[in-house]
Amino acid sequence: MTGKQRRRGRLLKAAAAALTVLGSVLLVLHLRHAAYDDAAGPAAVAAATPLPSGAPLSLRSDGPVAPDAGWTVAAETARLRLAVDPHSGHFQVTDKRSGRSWLSAPDPGGWSADGLSPQWAANLRSPLMIRYVEWSLRKDQTVETNLLSAQGEVGDFRLVDGGFHIDFLFPRLGFSIPVTVSIEDDAVQTRIEEQGLLDGSSNLAADGRPAPARLASVRLYPFFGAQVSAEANGEEGYLLVPDGPGGLIRFKTKREVKSGLYSQPIYGEDAALGSAAAVSAAAADRSPVAMPVFGLKSGSLAYVAEIQDGAEYANIVAAPSGTYSPYNWAAAEFLYRPKYYQPTNTQKTEGYYVYGDQRLTGDRSVRYYLLQDAAATYSGMAARYRQALRDRQSLHAIAADERPLPLNLNLLGGDRENGFIVDGYRKLTTTEQAKRIVGELQSMGVQNMSIVYKGWQNGGFSKYGNPFPVSDELGGDEGMRDLAAYAHARDFPLYLDGGMLALNNAKRSGFRASRDGLRTMGSTVADYSEQGRDATIVGMNYMRSSFGGLLNKTNALGVDGLRFGYGLGTGLNSDYGGSAPVTRQQALAMQRDLLTAAHSELDGAQSDGGYAYAWPYADFVADTPLDGSYDLIVDETVPFMQIVLHGSIRYAAPDMNAMDDPETGMLKGIEYGAEPSFTISYADSRELLRTVGLKEVYSTGFAAWSNEMVVQYQRYNAALAGVQSSTIVGHRSVADRVYETVYDNGTRIWVNYGDTDYRGGEIAVAGRSFAVKGGTDSVSP
């Protein structure tokens, strides 16, 4: 073949390719014109647009994702319209009443290539990001990529009831991730389906050989609603993360210090995956995530997202603008392979982290509740989340109570003290002394109390497992029954602390740590250590087998119930030991079963700092957080959790006598609608220094605290007695260090943390004080 013939052949091929492209363009233009013909209208788009039928379509884009008239209308409700681009998998949800929209990709109006790396430009355009392990190379590190960078494809697009289904394919890696997006009422839901999900452990790569990768995590539509900071335009914006009671990451055009990525596991660390030191360090760094929620507000639009299926396997991630891109964004990262600690010595002081081969199964879903105008605030987000929980019967409105606000009185019974040869026992509050404390407080004006007895178990506060009978030094079982009768005669409930039930160091009733203790993925027994108190974490199978007897013995004492803590309502752990391993998902179901049994068999059940999955079974939540983690990421702490709970579950602030600044703590508790709480001993506080487990506890002596307890209780009661069954409908800052909380019965409470008095319109609040206005009543102590 001559050179001229070769050149002619290349020209003919190029011309044919050009004609093919031109034909495709003309076809698309024709379809778009037909879809939006005046006679057909937008509602006819789904019927007019042909859908791909099996052949995967490559995702290609070199700019921001921007919806246009060619997107397919996948579903409509009375309020929302869902449109999708079958070629990329991106979607847009529009409120038909206002015409305003939420996009699954970053706002194209804020797109800028300045300072944007090619990797992050691809991340922002892709409908999902993944992490995977290169299994044949290293099992301790992941590679982060996205559908575009990994040369992924889009296949099997089809409309389904309420939305669309689409498969995201990674042929080179051997992954197939099936996704469904649907709308209902005021929400859009994204779901990664278990059925049809393939990763390298069960699939072949494009070349037919076993795939060299294993899926570690997926962020599906991580930039839903993502916005650039718009301070210059005067529009308020922030990300909501569940740090402590709730935290805001404000939209800022400039941050003094790069704060990095917020990334925290929902329901805390899994003790079966890490060393005890690693888990303790993680807990110390940041408040654990108690609620599977996050949110975003930009101007008059917002959403609050609830992670539903798979929350126990998810991290909440969020980043302010300037961290990786110009956008502020928040998302759920679903874990498919856990990274666990493999110790290499018997002391577990040396080891390494590695990813497990077994994939975590189950659907993963996020429901985004779409908000606008007056509802587009963190108060509106909390209200919508509360309504969702009530709709599912996970929360219930509590009945009105005309009694004064209860004082939450925690009494310390006793504990071990280290002896030269054998340990001794230190009495702190006997059951008879407990009656004296209750009676004296009542005579001083505290007319309502809720009592919890701690350190009652045989062996004292630092003994875990097999707590019965009640310690003889405190009065034994008979003394506890007598105390319960004394409290009930005054209409005060009495609970026993059950926080020791998921731990064991008593070594009685046949418990054997090597058999019954929780076993980590690294094949070691999980230990628990806090302030010198050492124990073995109990496996869920052992806890379940012994739980019925525990409830029967509790009922026999005549008390009202138990307050549950670590391992039951908090502390969600998988268990890789024995003949019946327990996944974290199964552990969650088992905890719910046990909490259900406690709620039905006892008169009541309380939760100590309980996570959201424990709320349906709790009559009260103790130690709800008032503060966040105080780091460079979260700019402001807000009472998101308290807005959700108030009017549904009673809750208390942390103990006032354990605070560094009790006066500020009191004001914060009133601002957040919490009940007051104290932990008290009849013995002088110095006696605690001799114990094994209470050395770090602050001042508890009743004689030193009685007057202050009554004064602080009366201030709480003056502020909050009239709103015990009300919901919080609004919260805001009205001035520097002055905050307002609004209840649905019309009560408004202002708290002033400043040293000087504040006046503004109808508001007058003295420095370091509060004011209440509700109906005809006004209080300004």
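Description of the structure in this document. (Residues numbered from 1 in each chain as written. Predicted model: local features only at pLDDT ≥ 70, side-chain atom pairs only at ≥ 80, totals over all residues. Heavy atoms only, no water.)

### Comments concerning the overall build of the protein
Selection criterion: Helix and strand labels come from DSSP, where a helix needs a run of H or I of at least four residues and a strand needs a run of E of at least two; each type is numbered from the N terminus. Any residue under 20% of the maximum accessible area for its type is buried, any over 50% is exposed, and the rest in between are partly exposed; the area is computed with a 1.4 Å probe on protein chains only. Any pair of residues with heavy atoms lying within 4.5 Å of one another is described as a contacting pair. Per-residue and other accessible areas were derived by the Shrake-Rupley procedure at a 1.4 Å probe size, with only the shown protein chains allowed to occlude residues.
Per the secondary structure count, the protein includes 13 helices and 44 strands. Across the 781 residues in the protein, those meeting the buried criterion constitute 56%. Expressed as a percentage of contacts within the protein between residues at least 6 apart in sequence, the contacts between residues at least 24 apart total 67%. Just so you have it, the protein exposes about 31,700 Å², and 50% of that area is on carbon and sulfur atoms.

### Describing the packing of aromatic side chains
Using the following cut-off: Stacked, tilted and edge-to-face are the three classes assigned to paired rings of Phe, Tyr and Trp, where Trp is represented by its six-membered ring and a pair needs centres within 6.5 Å; plane angles under 30 degrees give stacked, over 60 edge-to-face, the rest tilted. Charge over a ring is defined by NZ of Lys or CZ of Arg lying within 6 Å of the ring centre and within 35 degrees of the ring normal.
In the structure shown here, the tally under the stated rule is 27 aromatic pairs. Over the ring of Y336 we find R364, and its NZ or CZ is 4.2 Å from the ring centre. Across the ring face of Y486, the terminal group of R490 is positioned such that the distance to the ring centre comes to 3.7 Å.

### Things to note about the sheet that holds strand 3 (residues 80-84)
In sheet architecture, strand pairing relies on hydrogen bonds along the backbone and comes in two forms, parallel and antiparallel. What counts is decided by this rule: Two strands pair under a simple rule: DSSP has to find at least two bridges between them. Axes here refer to lines fitted to C-alpha atoms; in helices the fit is confined to the stretch in contact. Angles between the N-to-C directions go from 0 to 180 degrees.
Pairing within the open sheet is antiparallel, and its 4 strands lie in the order 2-3-4-5. With one partner strand each, in any of the chains shown, strand 2 (72-76) and strand 5 (101-103) form the two edges of the open sheet. Each strand of the sheet is rotated relative to its neighbour by a mean of 20 degrees, with strand direction disregarded. For strand 4 (residues 91-95) and strand 5, the ladder comprises 3 bridges, and the chain directions are antiparallel. For V93, the partnering residue across the bridge sits in strand 5 and is W102.

### Section: empty space enclosed by the protein
Where we set the bar: Note on definitions: the grid is 1 Å and covers protein atoms alone; a cavity is a set of points where a 1.4 Å probe fits but cannot get out; a pocket is an open set with protein on both sides within 12 Å along at least five of seven lines; lining residues have an atom within 4 Å of a point. Grid points are joined across faces, edges and corners, and a volume is the space filled by probe spheres set on the points. Nonpolar residues are Ala, Val, Leu, Ile, Met, Phe, Trp, Tyr, Cys and Pro. Charged residues are Asp, Glu, Lys and Arg, and all others, Gly as well, are polar.
Tallying each qualifying case throughout the model produces 3 cavities of 30 Å³ or more. As a volume, the largest cavity reaches approximately 50 Å³. Lining the largest cavity we find A502, L518, I537, V538, M540, M543, G567, G571 and N573. Taken as a whole, the second largest cavity encloses approximately 40 Å³ of empty space. Ranked by the residues each element gives to the lining of the second largest cavity, the list is headed by strand 33 (residues 604-608), at 3 residues. Tallied by class, residues from the lining of the second largest cavity come to 7 nonpolar, 2 polar and no charged.

### Examining the side chain of D497
Stated precisely, the cut-off is as follows: When charges are counted, neither His nor the chain ends are considered; positive counts come from Lys and Arg and negative counts from Asp and Glu. In what follows, salt bridge is the name for a side-chain nitrogen of Lys or Arg lying within 4 Å of a carboxyl oxygen of Asp or Glu. Nitrogen and oxygen atoms within 3.5 Å of one another constitute a polar contact, given that in protein one can donate a hydrogen and the other can accept it, and given that sequence-neighbouring residues count only through two side-chain atoms.
Checked against the element boundaries, D497 lands in strand 28 (residues 494-497). Of the side chains with opposite charge, K454 comes closest to the buried, unpaired D497, at an N-O distance of 5.7 Å. A polar contact is formed between the side chain of D497 and the backbone nitrogen of G499, at a distance of 3.1 Å. Those residues in contact with D497 that lie beyond four places of it in its chain are V452, Y453, K454, W456 and R563.

### What to know about helix 6 (residues 431-443)
Put simply, the rule reads: To estimate the expected span of a helix, subtract one from its residue number and multiply by 1.5 Å.
The first and last C-alpha atoms of helix 6 sit 19 Å apart over 13 residues, in line with the 18 Å expected at 1.5 Å per residue. Taken as a whole, helix 6 has its buried residues at T431, Q433, A434, K435, I437, V438 and L441. Just past helix 6, the residue G445 takes up positive phi, approximately 115 degrees.

### Overview of a nonpolar patch on the surface
To keep it simple, the criterion reads: Patch criteria: residues need more than 30% relative accessible area and no salt bridge. Like-charged residues are merged within 9 Å; nonpolar side chains of Val, Leu, Ile, Met, Phe, Trp and Tyr are merged within 5 Å.
Nonpolar side chains collect at one region of the surface, where F420, I421 and V422 lie side by side and expose about 460 Å² of accessible area between them. Within the element layout of this structure, F420 appears in the loop between strand 25 (414-417) and strand 26 (424-427). Given the relative accessible area of 84%, F420 is considered exposed.

### A closer look at unusual backbone geometry
Apart from glycine, the bulk of residues carry a negative phi angle, and the bulk of peptide bonds sit in the trans form. That bond from F468 to P469 is cis: its omega, -5 degrees, falls within 30 degrees of zero. With respect to the element layout, P469 can be found in the loop between strand 27 (449-454) and helix 7 (476-489). Positioned with a positive phi, Q151 is a non-glycine residue whose angle comes to about 55 degrees. Relative to the assigned elements, Q151 resides in the loop between strand 7 (143-146) and strand 8 (153-160). Q151 sits in the exposed class, given a relative accessible area of 55%. The phi dihedral of R768 is positive, around 55 degrees, even though this residue is not glycine. Inspection of the secondary structure puts R768 in the loop between strand 42 (763-765) and strand 43 (769-774).

### Digging into the packing of helix 9 (residues 540-556) against helix 10 (residues 584-601)
Applied cut-off: In these notes the angle categories are as follows: under 35 degrees is roughly parallel, over 145 is roughly antiparallel, 65 to 115 is roughly perpendicular, and the rest is oblique.
Interaxial distance between helix 9 and helix 10 falls to 11 Å at its minimum, and their mutual angle equals 10 degrees. It follows that helix 9 is roughly parallel to helix 10 by the angle criterion. For the pair helix 9 and helix 10, contact is made by M540, N541, M543, R544, F547, L551 and N555 and by A587, M590, Q591, L594, A597, A598 and E601, respectively. Of the residues assigned to the contact of helix 9 with helix 10, the class counts are 9 nonpolar, 3 polar and 2 charged.

### Some points on the pattern of salt bridges
Following the criterion strictly, the structure yields 41 salt bridges and no others. R97 is paired through a salt bridge with D95; the nearest N and O atoms lie 3.3 Å apart. For D95, a relative accessible area of 0% gives the class buried. In this structure, the salt-bridge partner of D140 is R138, at a minimum N-O distance of 2.6 Å. With a relative accessible area of 25%, D140 lands in the partly exposed category. Accessibility expressed as a relative area gives 43% for R138, which makes it partly exposed. Via salt bridges that share partners, R732, E740, R748, E762 and K773 belong to a single interconnected network.

### A closer look at the environment of S325
Relative to the helices and strands, S325 resides in the loop between strand 19 (314-319) and strand 20 (327-335). Exposure remark for S325: the relative accessible area of 6% places this residue in the buried category. On a C-alpha basis, the gap between S325 and D114 in space is 9.4 Å, while along the polypeptide they are 211 residues apart. For S325, the side chain forms a polar contact with the main-chain nitrogen of Y327, separated by 3.1 Å.

### A look at the pairing of strand 32 (residues 561-564)
This is how it is decided: Think of it like this: strands point away, you trace from the first strand over the helix to the second, and a clockwise trace means the crossover is right-handed.
Sheet topology note: the strand 28/strand 32 ladder contains 3 bridges and is parallel. For D497, the partnering residue across the bridge sits in strand 32 and is R563. Here strand 32 pairs with strand 33 via 4 bridges, running parallel. The partner of L562 across the bridge, within strand 33, is A605. A crossover links strand 32 with its parallel partner strand 33, the connecting element being helix 10, and its sense is right-handed.

### So, the sheet that holds strand 37 (residues 677-680)
Reading across from one edge, 36-34-33-32-28-27-24-37 is the order of the 8 strands in this open sheet, with parallel pairing throughout. The sheet is open, and its two borders are formed by strand 36 (650-651) and strand 37, each paired with just one other strand. Both strand 24 (residues 407-412) and strand 37 contribute to a ladder of 4 bridges, which runs parallel. When the sheet's bridge partners are listed, N408 is paired in strand 37 with S677. In the packing of helix 13 (residues 702-720) onto the sheet, contacts are made with strand 24 and strand 37, and the angle to strand 37 comes to roughly 170 degrees.

Geometric values such as these leave the question of function open.
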